[in-house]
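Survey of secondary and tertiary structure
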Amino acid sequence: MGKLFLIELEGKIYSCKHCGTHFALADDIVSKNFHCRHGKAYLYNKVVNVTSGVREDRMMTTGMHTVCDIFCVGCGSVVGWKYIAAHEKSQKYKEGKFILERFKVYGPDGSQYWATHDSQVGGSSDPDDA
């Protein structure tokens, strides 16, 4: 196993809640209106320090998509997914973009989104959304 080279970002960053590895800048957020099984998720134009898993077709609330899970290169945790292809024309804007699940990352101010019953029915414990 070789030396691990990590990209360190400057500014308002989102990072791994397990090991602190940097993932993305707040400026690269496309939308904060996404959801995953643990609550909120954000769509990003680009992320760093992740590796991609196997491509698979998944039925999501907005239709069928070809995606691959993304993993933190620092600790190996699954932190979200990448949209490879959208099967519906209205969803094509997601292609090549990334989802980071807020439950799995720290926000720019060190905050963490806590998955609760309320988050799954429309509430939020994410100070980043204030």
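Every value quoted in this text rests on a predicted model; they were computed, and no experiment measured them.

1. Side note on the pairing of strand β2 (residues 22–25)
Relative to β2, strand β1 (residues 13–16) is paired through 3 bridges, and the arrangement is antiparallel. If you follow I13 over to β2, its bridge partner there is L25. Taking the residues that link successive antiparallel strands as the turn, the β1-β2 hairpin has 5 residues, and the phi of G20 there is positive, at about 85 degrees.

2. A closer look at the nonpolar core
The biggest cluster of nonpolar side chains holds 15 residues, and the ones touching the most others in it are F23, Y44, V47, I70, V79 and L100. Among the secondary structure elements, those contributing two or more residues to this core are β1, β2, β4 (39–44), β6 (63–72) and β8 (98–101). Ignoring anything within four residues of it in the chain, the contact list for L100 reads F23, A24, A41, Y42, Y44, V47, I70 and V79. Among the nonpolar cores identified, the runner-up in size contains 9 residues, and F34, C36, A41 and W81 belong to it.

3. Re the pairing of strand β3 (residues 29–36)
In this sheet, β4 lies alongside β3 in antiparallel orientation, the contact comprising 5 bridges. What sits directly across from I29, in β4, is Y44. The turn joining β3 and β4, which pair antiparallel and follow one another in sequence, is formed by 2 residues.

4. Considerations on the state of the cysteines
For the structure shown, the criterion picks out 0 disulfides. This cysteine, C16, is not joined by any disulfide, and C75 carries the nearest cysteine sulfur, 3.6 Å off.

5. Digging into the packing of aromatic side chains
Applying the stated criterion across every chain yields a total of 3 aromatic pairs. Between Y14 and Y44 the ring centres are 5.8 Å apart and the planes differ by 70 degrees, which places this aromatic pair in the edge-to-face class. In this pair, Y14 sits in strand β1 while Y44 sits in strand β4, placing the two residues 30 residues apart along the sequence. Across this residue pair, the class does not change: Y14 and Y44 are buried. Seen from their ring centres, W81 and Y83 are 6.3 Å apart, and the 80 degrees between their planes marks the pair as edge-to-face. Given a relative accessible area of 9%, W81 falls into the buried group. Site record: aromatic cluster; members linked through ring pairs are Y14, Y42 and Y44.

About the thresholds
Residues numbered from 1 in each chain as written. Predicted model: local features only at pLDDT ≥ 70, side-chain atom pairs only at ≥ 80, totals over all residues. Heavy atoms only, no water. Pairing = 2+ DSSP bridges. Helix = DSSP H or I, 4+ residues; strand = E, 2+ residues; numbered from the N terminus. Core = buried A, V, L, I, M, F, W, Y, C linked by side-chain atoms within 4.5 Å. Buried < 20%, exposed > 50% of the residue type's maximum accessible area, 1.4 Å probe, protein only. Contact = heavy atoms within 4.5 Å. Disulfide = S-S within 2.5 Å. Phe/Tyr/Trp six-rings, centres within 6.5 Å; stacked < 30°, edge-to-face > 60°.

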